[in-house]
Amino acid sequence: MQEPAKGPRVAFSGVLLTITMAVVALVGPRNAAAQSVTGNVYGVVVDEQGRPLPGVGVTLTGVGAPLTARTTAGGEFRFLNLSLGEYKVTAALTGFSTAERANVIVASRQNADVKLALKVAAQSESVVVTGAPLLDMRKANVGVNVTQRELEAIPTARDPWVIARAVPGVQSDRVNVGGSESGQQSYLTSKGSPPSQTEWIMEGIVFQSMSSASGVGTSPLYYDFDALQEIHVSTGGTDPSTQTPGVQVNLVTKRGTNVAHGSARYFVAEDSWEATNTPEELRLQLAASGAGSSVVGNSVNNTEDYGAEVGGAVLADRLWLWGAYGRNQIDLFTTGGLTDNTMLQTYNAKLNAQVFQNNAATLYFYRGDKIKLGRDAGTTRPQETSFDQSGPANVFKIEDSHVFGGNLFATVMGSHKDFSWRLVPEGSGQMRQDSTQVFHNTYYTALYDWPDSQVDANVSYFLRTGQLSHELKLGGLYRFVKNQSRQLFEGNVVACNTNANWCGNQTVPAAVLNRDFAVNTNEYQYSGYVSDTITLPRLTMNVGLRYDYQRGVNNQLVVDGSRATDLVPPGTVLPPSLNAPPEDPGFHWKDWQPRIGATYAAGKDQKTLIRASYASYANQLYSALIAPYSVAPPSALAGGAGVVYPWNDLNTNNHVDPGELDTSRILRYYGFDPADPTSPNSINGVDPSYGAVKTNEVAVGVEREVLPTLAVALGGTYRKMTNFDLSTGFGLTQADYILSTTNYRENGRSANPLCPDVGYACGALPDGTHYNVPVNRVAPGVPLSPGQYTTNNPGYDQTYYGVEFQATKPYANNWMARLTAAYGDWRQHYSSDGFVDPTNVAVLNGGLVVAQSLGSGDKTRVYVNGTWQVDVSAMYNLPLGFSVAGNFYARQGYPLAYFQNVIANPDTAVSYDRSKIIIVVPYENYRLGTVSNLDLGVAYSLTLSGVEIQLLADVFNVMNENTVLQRQSQIGLAGPNGTNSIREIQSPRILRLGTRVSF
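Residues numbered from 1 in each chain as written. Predicted model: local features only at pLDDT ≥ 70, side-chain atom pairs only at ≥ 80, totals over all residues. Heavy atoms only, no water.

Peer 1: Would you take a moment to explain the overall build of the protein for this structure?
Peer 2: Counting its secondary structure elements, the protein contains seven helices and 61 strands. Relative to the 2.2 N^0.38 estimate, which gives 30 Å for 999 residues, the radius of gyration of the protein is 30 Å and therefore close to what a compact globule would have. Considering the protein as a whole, with its 999 residues, one finds that 61% of them fall into the buried category. Contacts spanning at least 24 positions in sequence make up 72% of the contacts within the protein whose residues lie at least 6 apart. Total accessible area on the protein is roughly 35600 Å²; 59% of this is exposed by carbon and sulfur atoms. Here the protein carries 72 positive and 85 negative side-chain charges, and the mean point of each set is 7 Å from the other. (Helix = DSSP H or I, 4+ residues; strand = E, 2+ residues; numbered from the N terminus. Rg over C-alpha atoms; globule rule 2.2 N^0.38 Å. Buried < 20%, exposed > 50% of the residue type's maximum accessible area, 1.4 Å probe, protein only. Contact = heavy atoms within 4.5 Å. Areas by Shrake-Rupley, 256 points an atom, 1.4 Å probe, with all protein chains shown as cover. Lys, Arg positive; Asp, Glu negative; His and termini not counted. Charge placed at Lys NZ, Arg CZ, Asp CG, Glu CD.)

Peer 1: What is the right way to look at unusual backbone geometry in this model?
Peer 2: Excluding glycine, residues mostly have negative phi values, and the peptide bonds linking residues are mostly trans. Despite not being glycine, N723 shows a phi value in the positive range, around 70°. Within the element layout of this structure, N723 appears in the loop between β41 (710-722) and β42 (725-729). Note on N723: relative accessible area 23%, which makes it partly exposed. A positive phi angle, near 55°, is found at N813, a position not held by glycine.

Peer 1: Please explain the nonpolar core as it appears in this structure.
Peer 2: Within soluble globular proteins, side chains that are nonpolar tend to cluster in buried spots. In terms of nonpolar packing, the biggest core is built from 60 residues, with L188, W200, M202, L221, I231, V249 and L251 touching the most fellow members. Top contributing element to this core by residue count: strand β23 (residues 408-425), with four residues. The contacts of L188, once residues within four sequence positions are left out, are W161, A164, V170, Q171, S172, P194, P195, T198, W200, V247 and V249. Ranked by size, the runner-up nonpolar core spans 31 residues in total, among them Y744, V843, L848 and L896. (Core = buried A, V, L, I, M, F, W, Y, C linked by side-chain atoms within 4.5 Å.)

Peer 1: Could you clarify how one ought to interpret the sheet that holds strand β9 (residues 141-147) in this entry?
Peer 2: Two orientations exist for strands paired in a sheet by backbone hydrogen bonds: parallel and antiparallel. Across the sheet, five strands lie side by side as β9-β14-β15-β12-β13; this open sheet has mixed pairing. Two strands close off the open sheet at either side, each with one partner strand: β9 and β13 (205-206). (Pairing = 2+ DSSP bridges.)

Peer 1: I'm lost on the packing of aromatic side chains in this one. Help?
Peer 2: Each aromatic ring pair is specified by the distance between its two centres and by the angle formed by the two planes. On inspection of all chains with the given rule, the structure shows 37 aromatic pairs. Measuring from centroid to centroid gives 6.0 Å for F419 and W421, while their planes differ by 20°, and the two rings are stacked. Aromatic side chains Y718 and Y801 sit 5.0 Å apart centroid to centroid with 45° between the ring planes, which places their arrangement in the tilted category. Placement of the pair is Y718 in strand β41 and Y801 in strand β49 (residues 796-812), with a sequence separation of 83 residues. The exposure class assigned to Y801 is partly exposed, which follows from its relative accessible area of 46%. Chaining the aromatic ring pairs together yields one cluster made of F387, F439, Y443, Y444, F489 and W502. Across from the ring centre of W320, 4.8 Å away, lies the NZ or CZ of R255, which sits over that ring. Above the plane of the ring of W815 lies K809, whose end atom (NZ or CZ) is 4.4 Å from the centre. (Phe/Tyr/Trp six-rings, centres within 6.5 Å; stacked < 30°, edge-to-face > 60°. Lys NZ or Arg CZ within 6 Å of the ring centre and 35° of its normal.)

Peer 1: So what exactly am I meant to see when it comes to the side chain of T963 here?
Peer 2: Within the secondary structure layout, T963 lies in the loop between β58 (947-956) and β59 (964-967). Those residues within four positions of T963 in sequence are excluded, and the remaining contacts are G929, T930, V931, E984, I985 and Q986.

Peer 1: Help me out: how do you make sense of the pairing of strand β22 (residues 392-403) in this one?
Peer 2: The two faces of a sheet get side chains in turn, since along a regular strand they alternate between them. With nine of 12 residues buried, β22 is to be regarded as a mostly interior element. Two strands pair when backbone bridges link them, and strand β20 (residues 359-375) and β22 are joined in this way by 11 bridges, in the antiparallel orientation. Within the sheet, the bridge partner assigned to A361 lies in β22 and is D400. As defined by bridge partners, β22 adjoins β23 across 11 bridges and the pair is classed as antiparallel. Across the sheet, F396 pairs through a bridge with H416, a residue of β23. Once β22 ends, the chain turns through four residues before running back antiparallel as β23, passing G405 with a positive phi of about 85°.

Peer 1: Would you mind showing me how to read the pairing of strand β35 (residues 583-602) here?
Peer 2: Relative to β35, strand β32 (residues 539-554) runs antiparallel, the two sharing 15 bridges. Across the sheet, G544 pairs through a bridge with R595, a residue of β35. Count of turn residues in the β35/strand β36 (residues 608-618) antiparallel hairpin: five residues, of which G603 carries a positive phi of about 85°.

Peer 1: Honestly, the sheet that holds strand β38 (residues 668-670) in this entry has me stumped. Any pointers?
Peer 2: The strand order across the open sheet formed by six strands is β25-β24-β29-β30-β37-β38, and the pairing between neighbours is mixed. Each having just a single partner strand, β25 (439-440) and β38 make up the two edges of the open sheet. Where strand β24 (residues 431-433) meets strand β29 (residues 493-496), three bridges bridge the pair, whose relative direction is parallel. Across the sheet, the residue bridging to Q433 is C496, located in β29.

Peer 1: Looking at this model, I keep getting lost on the state of the cysteines. Mind explaining?
Peer 2: Working definition of a disulfide: a covalent bond connecting the sulfur atoms of two cysteines. For the coordinates displayed, the defined rule picks out one disulfide. In this model C496 forms its disulfide with C503; the gap between the sulfur atoms is 2.0 Å. Between C496 and C503, the S-S torsion sits near 75°, and that sign places the bridge as right-handed. Take C496 and C503: they sit in the same class, and that class is buried. (Disulfide = S-S within 2.5 Å.)

Peer 1: What am I meant to see in the side chain of T540 here?
Peer 2: Checked against the element boundaries, T540 lands in strand β32. Here T540 is in contact with M137, R138, T533, I534, T535, G597, A598 and T599, once residues within four sequence places are set aside.

Peer 1: So what exactly am I meant to see when it comes to a nonpolar patch on the surface here?
Peer 2: Side chains of Y600, I610, V702, L714, V803, F805, Y823 and W868 sit close together on the surface and give an oily, nonpolar patch of about 700 Å² of accessible area. With respect to the element layout, Y823 can be found in strand β50 (residues 815-830). (Patch = residues over 30% accessible without salt bridge, like charges linked within 9 Å, V, L, I, M, F, W, Y side chains within 5 Å. Salt bridge = Lys/Arg side-chain N within 4 Å of Asp/Glu carboxyl O.)

Peer 1: What should I look at first to understand the pattern of salt bridges in this one?
Peer 2: Any two side chains of opposite charge can pair, so long as their charged atoms come close to each other. For the structure shown, the criterion picks out 43 salt bridges. The salt bridge partner of D907 is R777, with a shortest N-O separation of 3.7 Å. One end of the pair, D907, is in the loop between β55 (899-903) and α7 (911-914); the other, R777, is in strand β47 (residues 776-778), with 130 residues separating them in the sequence. R777 sits in the buried class, given a relative accessible area of 5%. Salt bridges linked by common partners bring R158, D224, D226, R265, D305 and R996 together as one network.

Peer 1: What am I meant to see in the confidence of the model for the protein here?
Peer 2: Note: predicted coordinates in regions of low pLDDT should not be interpreted at a detailed level. Looking at the protein, pLDDT values average 89 and 92% of them are 70 or higher. Across residues 1-34 the pLDDT falls below 50, and counting only partners more than four positions away or on other chains, this stretch makes 116 contacts in the model. Low pLDDT, under 50, characterises residues 628-637; the stretch is placed with 42 contacts to residues that sit more than four places away or in other chains. (pLDDT = per-residue confidence, 0-100.)

Peer 1: What should I look at first to understand helix α4 (residues 280-288) in this one?
Peer 2: Since the α-helix advances by 3.6 residues per turn, residues separated by three or four positions end up pointing in the same direction. Along α4, the residues classified as buried are L282, Q285 and L286. For α4, the buried positions fall inside an angular range of 95° around the axis, keeping them on one side. Seen from the buried face of α4, the exposed residues on the opposite side, beyond 90 degrees, are E280, L284 and A288. Where α4 is buried, its residues touch β60 (982-985). G290 lies just past α4 and shows a positive phi near 90°. (Arc of directions from axis to C-beta.)

Peer 1: Sorry, what's going on with the environment of G759 here?
Peer 2: If you trace the backbone, G759 turns up in the loop between β44 (744-745) and β45 (760-764). C-alpha separation for the pair G759 and N772, spaced 13 residues apart in sequence, amounts to 9.8 Å. Beyond its immediate sequence surroundings of up to four residues, G759 is in contact with L739, S740, T742, Y744, V773, P774 and V775.

Peer 1: Whenever I open this one, the environment of S211 confuses me. Can you help?
Peer 2: Mapped onto the elements, S211 comes out in the loop between β13 and β14 (228-237). Given the relative accessible area of 3%, S211 is considered buried. Through-space distance from the C-alpha of S211 to that of Q484 is 8.8 Å; in sequence the pair is 273 residues apart. With residues up to four places along the chain from it excluded, the contact list for S211 reads V216, W450, V481, K482, N483, E523, S623 and A624.

Structural data, given as structure tokens:
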């Protein structure tokens, strides 16, 4: 918010805000995320000799009502928490000419610095300067702002995930060709930070999921692309309002202004406008699998995007209203010809009010729904095992900003998100997985309810100490997230053929008899920060300290016992019912995180900025840690439990029938102790001092304003990540492990003279390269606890070194462009105390880290880590209303991470020492092909009576690339969907036509 021209006028809302801020400051202040929807204008007014002029009246006009301020003794003025858009700054003082700065652009989380010089002259004279500097001395984050003009002009898939991918250092788990992936979340990584640490913010509300084991860091919402005013993506820096070290995606919607505005659009792409790019290898594979000769690789069936948005003044200079509706239909064919159809529908509404000049308020509402038929359909999930998804999300927000005099500004915001959704399999019957990891008949049903409430507030206070100018900030956040989730299994049985992953890769057919999985947790976050932005004429320093207290508890959890009693004799050990009381498993993460940075303006023209910074981050807590899923749970009360018995399919109907299970021996179990199945106590434990993963970042950079409309930046980042998890069996040490006594010659094939007799996973990769990797197990006689103990790992860390380049040409003189490029090296390191089980350590130590995609859309064989990437976009306005635009993206192919599943210790049923995933070669040894994608578009615009009509034609994947994006990397699988088979290719070239009408 901004200061008034004269003394403060404190309304009742200002008094209430003061009380609220006092309370927030006591519980732990933090910069309000609400500031992420706004920007600031800072400035100074000087005379002809460059001396500051106090008492100058400054007027800001543009979005919303005109705002006024008066310069301080140092000639400074400021307008804070401004809505995004274009403004004009005017300075006037009796006896001097009037000075104006037009086309001042206010961007999200950015600061526009304006310097105005007044000359002694008649009052009628004026000096007008156009544009504002591209460099931001006060900037505390590393990132990219993508404006509305760029969002509309550059041919993209029209979703925020594609925009984020263009930021240096950000990588995505999928390639979105013309909207082919817009119906599902992308996983984003950045500078050594995994997808779980991505932070999503819309309208100042933190949105990232904190509930799902596979979806932490994703956005539970989808967005109307034409409702967005701007997207800001950052990947680090010293801003203490940022919680996580991952990607921060900040979305700001449009708003009503004094000038009525609106638009409507319709975009469509059909399969008849699409090329074919299926490689011969995939054609043969699909034919061998029985899919048919006409079936091709993954492609678009039809996409349709339409909607409208409109805004204007209810009362000029006082009250504004804006609303939007959007619908996006994305119908796809996955590899093998399966269908995946998505409908996204969103409503947005925003009411802005400025009853008093020193007070502004906002009400915001969002409703979104997603209907998806065929989620996860793919080569290992036939149509009947895919999900049908449904469930709306409702979001409410209220925000108030107030000016308490010329040097004190404050904002408070409250929000609530109500998000419930479900996944129901299309098929029915008994869930089964075969020896090639393909599922059959059906899958589990999932029900999710994730309400989320937040209150955050911040204050800014300005003062001077000698030559130093200070902007002190104080803020606080309280967030409450509830996770009520269930996974329901038909009949509580899953049948598995030999070597199926679901049952633990048993060497004989088996079946897991389970109980339904359930979670009921509460998460509490109390965060705060204090910071000071210290400025001198050439030097700016950002000094801040952030504190996070994150706590998670389990609520009462009631789960019925296994319903598979009809398949086994009476008295057989089955997962029992669970009635667990409320419990605090000890997750109390308390983290102090210092942030400090300095920016120096070099050169006579001060057009070169040199930056250096240090920042500390702590990862966010999420409920998959508090009440984990059934695989290696590190917390106290896991709802999931199961026991695996051998299965003899006597009637060969691929169905577990009564009398077919050998209940005399347990192959594997999880979530309970078969020796004491009715015990209410957890089999797992957590170190009381267990805490968050830590990231320490050092960054340097230089930026140069080459031309008034062209800026370039070169930066380097070093990160070290420590304090990772270490989960082991209770009481086990390195001394308890020996080389396994089993032979793993390519899953039991004939002897290979290059292989040792026992204890090694040994065989050949698809290209004939031989591998020979040791497998470890707990020594005979060492007692094994059924559960695991989780603590922090003192001897394991990850490092990231990266270089990023960016050149930005905002729209001017009929064209705009952006070039980004990045190179990064993300590796992991073990010391002698960095592990208990030595398995895989020798292969992984010193090698690449990969982020395996766990997102939906059958992406489980995507291992994200490309060392380089480049993105170029541009638009040029031609005569006669035509324009051309394009985008080119390329990156190194992701690792092809070959692994083998083995039974390390056949003498035990304890999961962590029986079934193991063995990484057979370092991740960097094999990669998929380089990905490149060129998109081009042409548009024609015609304006009639103030209404602009646009006709657009975009072509995506112009070169019709068919790069393989996924292969089956598990060793030892035979058949068409076996080892090295293609799971996904780049979607083919497609044409999209569209029209937009705006006023």
